[in-house]
Structure formats: C-alpha cells, structure tokens
Amino acid sequence: MIQRVAYLSVHTCPLARPGSGDAGGMNVYVDGLARIMAARGVQVEVFTRQADPDGVGVVEVADGYRVVHIDLPPPGDPYATVNRFVEGVLDWSGAAGARYDVVHSHYWLSGWPGLVLGDRLGVPFAVSFHTLGRVKNLNRRHDDPPASLLRIATEEDVIARAGCVVASTPAEAAELLEHYRADPERLCMSPPGVDHRLFHPGDRRTARASLGIAGTGPLVLFAGRVQPLKGLDVAVEAFARVAASHPDALMLVVGGASGERGPAEVAAMLDLVAERGLAERVRFSPPMPHDHLPAAYRAADVVVAPSRSESFGLVAAEAQACGVPVVASRVGGLAHIVEDGATGFLVDGWDPAGYAAAIGRILADPALAASMAAAAEERSARFSWSATADRFLSLYEGMAAGAR
Ligand code: UDP
C-alpha cells in the first residue's frame with residue numbers, strides 16, 4: 001500500500017496565487033492532487049523553492065499534506081540549483097525519518113532533481129511535464145522566445161530515464177511519442193480533476209453583482225496568465241468583432257503578466273483595447289484568488305481560451321463545470337475538454353474571425369447557449385479528483401511493486 005509520496009515542484013509553490021507570474025494551472029493541479037492523495041490516507045510532502053527570503057519553511061496545509069520550502073541559491077546556475085534542491089530534500093526527509101514509496105516531479109525543472117532523488121532514495125520516479133518545450137515552440141507567436149535548449153535536453157533525458165511519464169490527455173501522450181520518442185511502455189495518461197464543490201453553476205446576476213459588473217448584456221471572459229502563449233491578443237481582436245454587433249457586450253480579463261514578455265504583453269493588450277475603442281468595454285482584473293473564479297465564470301455567457309499551446313487547460317474545465325460554454329483553440333487538452341458543437345466550439349488556428357464567429361453563434365442563439373451550458377456541466381463530471389486519485393494510486397502501486 002502506498003503510504004508516502006514526495007512531489008517535487010521546484011519551479012513554483014502550489015500555495016502561490018495562480019493567474020500571473022509563474023503560478024497557473026500547475027499550481028492548482030499539484031495542490032489538488034496533494035489534497036486528494038492526503039484525503040485518501042497518503043502522506044504527501046510537496047518540496048518547492050523558497051521564493052521569499054523571509055518565507056516560511058514548512059507549511060502544514062491539511063491533514064497529511066505539507067509543503068516544504070527549500071532555500072536555493074539565486075537563479076543562474078541550474079546545476080547548483082539541482083544540487084542544492086536535492087540536498088535540501090534529503091536533509092529534510094532524513095531528519096523527518098520520511099520513507100517515500102514514489103518520487104513524482106512536476107515540470108521540466110523538477111525532472112533532474114527527481115531522477116537523482118529517485119536514485120538516492122532507491123524509489124521509483126514518475127514525472128508530469130504540464131507543458132513540453134518542443135510542443136510550446138510549435139505554435140509560439142513570432143515574438144515569444146522559444147523554449148531553451150537546456151529545457152529541451154532535460155525533457156529528453158528525463159523522458160528517457162523516468163520510471164513513468166504521466167500525460168494529462170491522449171494528445172499529450174501522442175506529443176510525448178512524436179516529439180520525444182517516449183517509450184509507450186512507460187507512458188500513462190491521467191487528466192486532472194476539477195473541484196466540483198467550488199466550480200458548479202450558479203446565478204449569473206448574483207455573480208455579476210459580486211464582481212461589480214452592471215448591465216445584462218453579453219459578457220465574454222478570458223481568465224489566465226497574460227502571455228503570448230495564452231492568446232489574449234486573439235481574444236481581444238475577436239471581442240472587437242463581437243462588440244461591433246453587440247453594443248452592450250462586455251469583456252472581462254482576469255489575470256496578470258507572466259513569462260518573459262509578460263509586462264510588455266499586458267501593455268500591448270491595453271494599447272490594443274484602446275486602439276479598438278474598447279477601453280470602456282474591456283475590463284482588466286488583477287489575478288483573483290482561486291475561489292473567486294467561480295463567480296467570474298458564472299457571470300459570463302462565454303469563456304474564450306485561444307491558447308497557442310495548452311497541455312490541459314483548467315480554465316476551460318472549470319468554466320464547463322460552472323455550466324458556461326467555451327470557445328477554444330483546437331489544441332492539446334482544450335480539444336479534449338471542449339466537445340466541439342456540444343459544450344462550446346473548437347476553432348482551428350488563431351484568426352480572430354473564427355473565434356468571433358463562434359462566440360457570435362452562442363450569443364445569438366439562447367437555445368444553443370442553454371443546451372451548451374447543460375452539456376458543459378455534464379461533460380465536466382468526467383474530470384474529477386476522485387478518479388484522478390484512483391488512477392495515481394494504482395500507478396504508484398504498480399511502480400512500487402515493480403521496484404520491490
Ligand atoms: N486562476 C486563478 N486566478 C486567476 C486566474 C486564473 O485562480 O486570476 C486559475 C484558474 O482557475 C486555473 C488556473 O489558474 O485553475 C489556470 O490554469 P490553466 O490550465 O487554464 O492555465 P495555465 O496557467 O496552466 O497555463
């Protein structure tokens with residue numbers, strides 16, 4: 001039986017507020033997975049970097065789930081970071097007398113520490129990448145810097161040596177096979193869940209009132225980190241077309257700057273909104289605490305997710321759980337979450353006209369909007385943390401049994 005697991009999240013702490021900087025879906029994922037595993041009686045330690053010099057060392061998050069922050073040298077030398085992180089985990093687990101059944105890394109930066117710790121502790125090692133450098137490069141906008149060679153080399157090495165590589169969707173599994181020649185025998189698939197206690201349908205008027213949104217006209221929502229990968233530029237251009245035929249339509253953007261181009265991208269988006277004469281109709285909100293997101297979804301008629309690459313796409317899954325249709329790009333996890341024509345629309349490519357047409361169809365047809373809302377909520381049932389926990393427990397059992 002699995003008793004204790006170590007999750008490595010060097011890049012970002014699961015307790016950080018998602019929606020800007022380095023914090024997004026992966027934080028929500030690692031936190032959600034740790035909580036459900038702890039609820040199943042597994043002791044979980046999430047090891048992460050100490051981002052704040054005055055930060056707390058160990059946070060007891062819930063019964064059986066703690067986050068351990070490791071002091072790291074200033075960013076610069078990745079090898080020093082890996083060494084210090086590994087030593088920090090070994091020191092902490094040695095002092096605590098922790099014996100792990102599995103080490104599971106999240107994101108490429110945790111890959112090498114996971115491989116080394118798996119070896120040093122003599123336990124099986126699993127990895128989830130959440131995004132893959134080569135896949136991200138495929139559709140990146142021309143001005144978005146490509147993933148580094150160090151990242152791609154690390155991903156290749158870790159994929160070749162991990163006991164198990166976990167994909168979130170069949171599309172990510174296919175990408176691992178195609179772009180990284182992953183061994184199918186060591187590949188498994190497990191989508192994350194949505195917290196249905198938080199994300200469920202609710203009254204639109206109440207939600208709008210809680211956000212201070214006056215008016216009953218159509219509302220289009222974009223939620224997430226603002227960087228070229230997420231396609232806010234496409235969403236704004238699409239909304240400009242929608243706004244022309246819906247004089248009372250509004251758009252809400254929830255999230256903040258992220259990635260190398262983040263602050264410049266936010267400034268560019270504000271300029272774009274002004275150029276299109278939409279300053280009064282597009283509202284930018286700083287990142288919201290995760291438990292405020294349900295109100296944002298419920299307030300919306302449509303959620304738009306034109307990501308250029310997306311390994312899963314929690315925003316789409318959460319929106320659907322709240323009974324809101326989603327218009328998304330036909331990439332990665334979004335194509336797995338959104339059922340084209342039933343729970344929203346999938347759009348090929350990044351021409352804003354396609355997104356505007358799809359949003360327009362939903363806004364123009366209340367019967368279609370209502371049936372999509374119902375289908376979206378129904379579809380979201382397939383993304384449950386409980387099912388995710390079952391899959392991970394059986395994966396870890398199999399790995400631990402193989403190592404005995
Ligand atoms: N999110 C949030 N507050 C915000 C904006 C986003 O809590 O202001 C959360 C959102 O609910 C979702 C996550 O951030 O759980 C974004 O995940 P997604 O997979 O859509 O994108 P990623 O950040 O992984 O690219």
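Up top is the structure.
Presented here is an overview of the structure given in this document.

Basis of the calculations
Residues numbered from 1 in each chain as written. Predicted model: local features only at pLDDT ≥ 70, side-chain atom pairs only at ≥ 80, totals over all residues. Heavy atoms only, no water. Helix = DSSP H or I, 4+ residues; strand = E, 2+ residues; numbered from the N terminus. Rg over C-alpha atoms; globule rule 2.2 N^0.38 Å. Contact = heavy atoms within 4.5 Å. Lys, Arg positive; Asp, Glu negative; His and termini not counted. Charge placed at Lys NZ, Arg CZ, Asp CG, Glu CD. Near = heavy atom within 4 Å. Polar contact = N/O pair within 3.5 Å; in protein donor to acceptor, adjacent residues only side chain to side chain. Areas by Shrake-Rupley, 256 points an atom, 1.4 Å probe, with all protein chains shown as cover. Nonpolar A, V, L, I, M, F, W, Y, C, P; charged D, E, K, R; others polar. Axes fitted to C-alpha atoms, helices over the stretch in contact; angles between N-to-C directions. Parallel < 35°, antiparallel > 145°, perpendicular 65-115°, else oblique. Left-handed = near helix turned anticlockwise from the far one by under 90°. Expected span 1.5 Å × (residues − 1). Core = buried A, V, L, I, M, F, W, Y, C linked by side-chain atoms within 4.5 Å. Buried < 20%, exposed > 50% of the residue type's maximum accessible area, 1.4 Å probe, protein only.

Each helix and strand in the protein chain was counted, giving 15 helices and 14 strands. Here the protein chain has a C-alpha radius of gyration of 21 Å; the compact-globule value for 404 residues is 22 Å, and the two agree. With respect to the three principal axes, the spread of C-alpha positions in the protein chain is 65 × 45 × 40 Å. Within the protein chain, counting contacts between residues at least 6 apart in sequence, those at least 24 apart form 68% of the total. On the protein chain, the mean spot of the 36 positive side-chain charges and the mean spot of the 46 negative ones are 1 Å from each other.

This part is about the site of the ligand. Around the ligand there are 18 residues in total, and Arg 225, Lys 230, Met 288, Leu 314 and Glu 318 lie nearest to it. Between the ligand and Pro 18, the relevant distance is 3.2 Å, taken from a nitrogen atom to a main-chain nitrogen or oxygen of the residue. In this structure, an oxygen atom belonging to the ligand sits 3.0 Å away from a main-chain N or O atom of Val 315. For the ligand, whose unbound accessible area comes to 540 Å², protein coverage reaches 94%. Elements with a minimum of two residues in the shell around the ligand: α1 (25-39), α10 (293-299) and α11 (314-321). Take the shell around the ligand: its biggest share by element is three residues, from α11. A class-by-class count of the residues in the shell around the ligand yields nine nonpolar, five polar and four charged.

Before going further, it helps to spend a moment on the packing of helix α8 (residues 232-245) against helix α13 (residues 352-364). As a packed pair, α8 and α13 sit with axes 8 Å apart at the nearest point and diverge in direction by 50°. Judged on the interaxial angle alone, α13 and α8 are oblique. Crossing angle aside, the handedness with which α8 passes α13 is right-handed. Here α8 contributes Val 234, Glu 237, Ala 238, Arg 241 and Val 242 to the contact with α13, which in turn contributes Pro 352, Ala 353, Tyr 355, Ala 356, Ile 359 and Leu 363. Of the residues in the contact of α8 with α13, the class split is nine nonpolar, no polar and two charged.

Here we come to α13. A rise of 1.5 Å per residue sets the reference length of α13, with its 13 residues, at 18 Å; its end C-alpha atoms lie 18 Å apart and thus fit the reference within 8%. Packing partners of the buried residues in α13 comprise β9 (219-223), α8, β12 (302-305), β13 (326-329), β14 (344-347) and α14 (366-380). With a side-chain oxygen lying 2.9 Å from the backbone nitrogen of Ala 353, the N-terminal cap of α13 falls on Asp 351.

The next thing to look at is the nonpolar core. Counting 67 residues, the largest nonpolar core has Tyr 7, Leu 33, Met 37, Phe 47, Phe 129, Leu 176 and Tyr 396 as its most contacted members. Residues in contact with Leu 176, not counting those within four places in the same chain, are Phe 129, Leu 132, Ile 159, Val 165, Ala 167, Arg 181, Ala 182 and Leu 187. In this structure, Leu 221, Leu 293, Ala 305 and Leu 314 belong to the second largest nonpolar core, which totals 36 residues.

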